[in-house]
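# Architecture and fold: a report
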Amino acid sequence: MSDETPICSAKGCRADAVWVLAWNNPKIHAPERRKTWLACDEHREHLAQFLGVRGFLKDVVRFEEWRAAEGSQGAAEGS
């Protein structure tokens, strides 16, 4: 992962991302697949509602936790 600070996925927002919204469209993605949107504190609820209404939202996690989990999975896979 890059050292650049990730930004919110909300249209026009340039704020630092604080949240990861993991989602999946069951019509086109395998059940275990997770796509992600990033969100700042201001847009987290709006983006979560957008995905939730469509039945796509699977999880909302703080960005630091997501990054740590991805790092530990990569280490386990490399073993």
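Residues numbered from 1 in each chain as written. Predicted model: local features only at pLDDT ≥ 70, side-chain atom pairs only at ≥ 80, totals over all residues. Heavy atoms only, no water.

Ranked by size, the top nonpolar core spans 13 residues in total, and within it Cys8, Leu21 and Leu47 carry the most contacts. Only strand E1 (19-23) and helix H1 (44-53) provide two or more residues apiece to this core. Not counting chain neighbours up to four residues away, the residues in contact with leucine 21 comprise Lys35, Thr36, Trp37, Ala39, Arg44, Leu47, Ala48, Leu51, Leu57, Asp59 and Val60. Core analysis: the next-biggest nonpolar cluster, separate from the first, contains seven residues, Ala22, Leu38, Phe63 and Trp66 among them. (Core = buried A, V, L, I, M, F, W, Y, C linked by side-chain atoms within 4.5 Å. Buried < 20%, exposed > 50% of the residue type's maximum accessible area, 1.4 Å probe, protein only. Helix = DSSP H or I, 4+ residues; strand = E, 2+ residues; numbered from the N terminus. Contact = heavy atoms within 4.5 Å.)

The subject of this paragraph is the side chain of histidine 43. Turning to its location among the elements, histidine 43 is positioned in the loop between strand E2 (35-39) and H1. Classification of histidine 43 by relative accessible area gives buried; the value is 18%. Setting aside anything within four residues of it in sequence, one finds histidine 43 in contact with Cys8, Ala10 and Cys13.

Our focus in this paragraph is the sheet that holds E1. Taken together, the three strands give an open sheet; going across it, the order is E2-E1-E3, and neighbouring strands pair in antiparallel fashion. The outermost strands of the open sheet, each flanked by one partner alone, are E2 and strand E3 (57-62). With direction set aside, neighbouring strand axes in the sheet form an average angle of 25°. Inspection of the sheet shows E1 paired to E3 by five bridges, in the antiparallel sense. In the strand pairing of E3, tryptophan 23 is matched with leucine 57. (Pairing = 2+ DSSP bridges. Axes fitted to C-alpha atoms, helices over the stretch in contact; angles between N-to-C directions.)

Evaluation of the coordinates by the stated rule reveals two salt bridges. Where glutamate 45 meets arginine 44, a salt bridge forms, and the shortest distance between an N and an O atom there is 3.9 Å. Residue classification places glutamate 45 among the partly exposed positions, given a relative accessible area of 41%. Look at arginine 44 and you get partly exposed, because its relative accessible area is 27%. (Salt bridge = Lys/Arg side-chain N within 4 Å of Asp/Glu carboxyl O.)

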